[in-house]
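Structure at a glance
Here is what each chain is made of, one letter per residue.
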Amino acid sequence: MKHLKDTKKSRSAEYQYLGLLKDILKNGSDKPLFFTPEVLDQYRERGEKPPFIRSVFGREMRFDLSKGFPLLTTKKVFTRGIIIELLWFLSGSSNIKFLVDNNVHIWDEWAYKRFKKAQNFKFQISNFKLTKAERNIANQDEFIQHLKELPEDSEFVRGWGDLITVYGRMWRKWPASDGREIDQLGWAIDGLKTKPYRKSYVVSAWNPDFIYAMASKGNANEVPPFCHTMFQFAVTNEKLHCGLYQRSGDTFLGVPFNIASYSMLLLMVSQVTGIEPGEFVHFLGDAHIYSNHFSQVKEQLKRDPRPFPTMKLNPKIKNIDDFAFEDFTIENYNPHPPIKAEIANIGGF
């Protein structure tokens with residue numbers, strides 16, 4: 001695992017990330033992507049070629065949270081979306097209704113893709129039927145607006161807002177063989193409070209029973225296998241560290257989110273366990289840049305990092321399930337302007 005350290009200790013840890021971008025552009029291998037037939041049809045209709053990726057394998061970045069919160073500054077990062085998404089994960093829900101109601105739309109396409117197939121009668125889901133009006137929903141925007149207008153317990157929301165498998169469900173409600181739901185994160189937090197030096201505080205999202213051809217009947221879904229596969233908490237030198245293994249990293253769009261999200265999770269677990277936060281260590285398997293992001297990456301590489309901001313949590317919160325959006329405050333965040341790029345809709349069963 002190549003450690004992307006910076007030789008100038010006084011420089012921002014963000015240079016690790018910029019170095020990874022340069023590494024991929026210079027040394028990466030170009031590889032094709034897997035697209036479902038429906039997505040390929042969309043590219044054909046627009047007269048476009050689907051993107052490919054340029055990848056390296058096995059990289060590591062380290063962020064000391066005592067030196068600021070690692071929210072990238074060479075482009076503005078959607079901080080509100082990161083907080084809302086993490087709270088959704090922590091709830092254990094697999095339904096995007098909470099995100100939609102909070103105007104965060106980073107998971108919309110996966111629910112819509114599943115709905116669209118059912119709408120076209122290419123597959124059926126028992127107990128969830130479409131009304132005549134719902135069969136006539138014409139696009140993703142109409143689908144999401146319909147989800148937003150309906151109550152959480154409506155049949156449409158329960159049936160079509162549900163992604164079946166997503167990080168939060170595996171973290172907090174892992175389906176056990178005996179019918180239980182296992183709260184992996186809750187177990188890790190409880191253990192850190194009483195036996196902080198154990199080496200087994202691992203939370204896994206990788207569940208073959210929900211992945212591609214390995215999935216059991218009814219579990220197969222359009223959501224691709226979990227990219228951030230597992231994370232581990234460990235205490236050394238009286239500090240709490242978090243290590244994430246990410247099997248696949250969309251380095252331009254996704255990885256900045258992941259760095260901030262898991263650093264935030266580390267701060268939250270630190271507060272509820274009373275253990276001082278240490279480092280977030282990010283291990284990447286396939287780290288890649290999409291070919292339709294190359295120009296945006298080159299633009300970002302022209303920018304110099306600015307000081308990291310500070311993340312403050314409401315000190316009154318002592319339970320991981322009690323955090324709300326209002327309990328997070330970012331101070332002194334002064335990033336360069338955002339750089340937009342299109343998300344490639346890949347994956348599918």
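Analysis parameters
Residues numbered from 1 in each chain as written. Predicted model: local features only at pLDDT ≥ 70, side-chain atom pairs only at ≥ 80, totals over all residues. Heavy atoms only, no water. Disulfide = S-S within 2.5 Å. Buried < 20%, exposed > 50% of the residue type's maximum accessible area, 1.4 Å probe, protein only. Salt bridge = Lys/Arg side-chain N within 4 Å of Asp/Glu carboxyl O. Helix = DSSP H or I, 4+ residues; strand = E, 2+ residues; numbered from the N terminus.

Let's shift gears to the state of the cysteines. Any covalent bond linking the sulfur atoms of two cysteines counts as a disulfide. This model, assessed by the stated rule, comprises zero disulfides. Free of any disulfide, C227 has its nearest cysteine sulfur in C242, 17 Å distant. The class of C227 is partly exposed, set by a relative accessible area of 24%. Under the relative-accessibility criterion, C242 is labelled buried at 1%.

Applying the stated rule across the entire model yields 15 salt bridges. D23 serves as the salt-bridge partner of R59, at 2.6 Å between the closest nitrogen and oxygen. Placement of R59 in strand β3 (residues 53–64) and of D23 in helix α1 (residues 14–27) is noted, with a sequence separation of 36 residues between them. Here the two residues R59 and D23 agree in accessibility, since each one is buried. Two residues, R62 and E279, come together in a salt bridge whose shortest N-O distance is 2.9 Å. Remark: E279 occurs in strand β9 (residues 276–290) and R62 occurs in strand β3; sequence separation between them is 217 residues. When its relative accessible area of 31% is taken as the criterion, R62 is described as partly exposed. Each of R46, E48 and E342 takes part in one network of salt bridges that share partners.

Turning our attention to unusual backbone geometry. With phi around 55°, N237 is a residue other than glycine that occupies positive phi space. Assignment of secondary structure puts N237 in the loop between β7 (228–236) and β8 (239–250). Residue classification places N237 among the exposed residues on the basis of a relative accessible area of 72%. With a phi angle near 60°, N332 is a residue other than glycine that sits in the positive phi range. The residue N332 is located in the segment after β11 (328–331) in this model. Looking at N332, the relative accessible area reads 65%, which means it is exposed.

Interpretation in functional terms is not warranted from these geometric data alone.
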